[in-house]
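So the chains spell out like this:
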Amino acid sequence: MEIDINQNPVQEGERYQIFICAKPTHIANTIIVKSLPEVKLLAIGKFWPKYVVRKRFVKEGLHYRITRFDNVVFEFKSTSSWKLHYCCQAGQNRYDIYGHFGNKYSVYKNDAQIGWWSKKTVNWFKGNNYKMVVNVETDVDLLMAFYLVINSHMAYDKNGKMGGFDYKKIAFPVKKFNASWKPK
């Protein structure tokens, strides 16, 4: 399954338009709450968010709280400040997200790859455009929340202002990108 995420910067945050198999399905909006970014992911035509992503203040690394529509909370953290490896425990499932050179990320669920995303090199929109490829049976909303966490972390500094530092310039991948992986 292919997902396109179009990021459009607006005056006070960012807006995302999300397409699954070329059909518009979701939107997401970033707002600043108490100097920290908060992103809400909504299905088109729905009022209540499927996920709300909130940055947590930490001195080092990355820490976000992802709240699902039923108020179940997942903690999304970096495993190291210098490595492009993130993890999230969602119930009995452990998700590992690995960053790679070339603006690519791989997603693993319980040590099995379930998807990846990358920044598109040709962009027809004002903001950035990302392509996500995932297995059909995957919780795509949760994977979109993972993307929103990492994108939000790169876009905002520790005070909630646009223009965060692109830490990928000094961080190192932990795992090599699997170019031969195909979705199920």
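For the structure, see preceding data.
The structure contained in this document is the topic of the report that follows. This one's a predicted model, so the numbers in the text were calculated from it and none came from an experiment.

**A word on the nonpolar core**
Here is step 1: I66, F76, Y95, I97, W117 and F146 are the most contacted members of the largest nonpolar core, which has 38 residues in total.
Here is step 2: Per element, the largest residue contribution to this core is 10 residues, and it comes from helix α1 (residues 140-155).

**Observations regarding the pairing of strand β10 (residues 104-109)**
Here is step 1: Bridging between strand β9 (residues 93-100) and β10 involves six bridges; their strand directions are antiparallel. Bridged to H100 within β10 is K104.
Here is step 2: With antiparallel pairing between neighbouring strands as the criterion, β9 and β10 make up a hairpin whose turn holds three residues, including G102 at a positive phi of roughly 85°.
Here is step 3: Bridge analysis of β10 against strand β11 (residues 112-119) gives six bridges, and the strand direction is antiparallel. Note that in β11 the partner of K109 across the bridge is A112.
Here is step 4: What sits between β10 and β11 in their antiparallel hairpin is a turn of two residues, with N110 showing a positive phi close to 50°.

**What about the pairing of β9?**
Here is the key point about a regular strand: its side chains alternate between the two faces of the sheet.
Here is step 1: β9 sits mainly inside the fold: six of its eight residues count as buried.
Here is step 2: Alignment of strand β8 (residues 85-90) against β9, held across six bridges, turns out to be antiparallel. Bridge pairing in β9 links A90 to N93.

**Some details on unusual backbone geometry**
Here is step 1: In the Ramachandran plot, A22 falls in the positive-phi region, its phi being about 70° despite a non-glycine side chain.
Here is step 2: Position of A22 relative to the elements: it lies in the loop between β2 (13-20) and β3 (23-33).

Cut-offs applied
- Residues numbered from 1 in each chain as written.
- Predicted model: local features only at pLDDT ≥ 70, side-chain atom pairs only at ≥ 80, totals over all residues.
- Heavy atoms only, no water.
- Core = buried A, V, L, I, M, F, W, Y, C linked by side-chain atoms within 4.5 Å.
- Buried < 20%, exposed > 50% of the residue type's maximum accessible area, 1.4 Å probe, protein only.
- Helix = DSSP H or I, 4+ residues; strand = E, 2+ residues; numbered from the N terminus.
- Pairing = 2+ DSSP bridges.

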